[in-house]
Amino acid sequence: MPRARKPAGLSPYIFAQLEERVCRLREQGVADIVDLGKADPDHPSPDAAVQRLLSQSSEAKKRPVPRTRRSRSAATTFTQRSF
């Protein structure tokens with residue numbers, strides 16, 4: 001499969017830049033590096049947290065999202081201003 005070309009004007013992935021910088025620093029002998037990168041978990045989520053998430057997500061029907069023209073318009077305006 002051919003590789004996609006990077007769109008012009010797209011900035012580099014920030015976490016890739018940070019990882020490169022950390023590697024360079026370690027090669028230079030810097031040992032005191034606290035990696036606050038993208039927070040890849042190194043252990044499973046606590047069961048209590050998972051169960052709470054599951055119970056609350058199943059109750060989403062009790063909190064319906066308004067689907068009025070006004071709410072869609074407000075969401076569109078917010079998104080356009082933010083991004």
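Cut-offs and rules
- Residues numbered from 1 in each chain as written.
- Predicted model: local features only at pLDDT ≥ 70, side-chain atom pairs only at ≥ 80, totals over all residues.
- Heavy atoms only, no water.
- Helix = DSSP H or I, 4+ residues; strand = E, 2+ residues; numbered from the N terminus.
- Buried < 20%, exposed > 50% of the residue type's maximum accessible area, 1.4 Å probe, protein only.
- Areas by Shrake-Rupley, 256 points an atom, 1.4 Å probe, with all protein chains shown as cover.
- pLDDT = per-residue confidence, 0-100.
- Expected span 1.5 Å × (residues − 1).

**Here we look at the overall build of the chain**
Here is step 1 of the chain: A tally of regular secondary structure across the chain gives three helices and zero strands.
Here is step 2 of the chain: If you list the helices and strands of the chain from N to C, you get α-α-α.
Here is step 3 of the chain: For the chain, the proportion of its 83 residues judged to be buried stands at 2%.
Here is step 4 of the chain: About 8700 Å² of surface is accessible on the chain, with carbon and sulfur atoms providing 57% of the total.

**Thoughts on the confidence of the model for the chain**
Here is step 1 of the chain: Per-residue confidence for the chain averages 81 on the pLDDT scale, and 88% of its residues sit at or above 70.
Here is step 2 of the chain: Of all helices and strands in the chain, the one with the weakest mean pLDDT is helix 2 (residues 47-58) (85), whereas helix 1 (residues 14-27) scores best (88).

**Some remarks on helix 1**
Here is step 1 of the chain: With 14 residues, helix 1 should reach 20 Å at 1.5 Å per residue; the first-to-last C-alpha distance of 20 Å fits that figure.
Here is step 2 of the chain: Residue glycine 29 follows helix 1 closely and has a positive phi angle near 95°.

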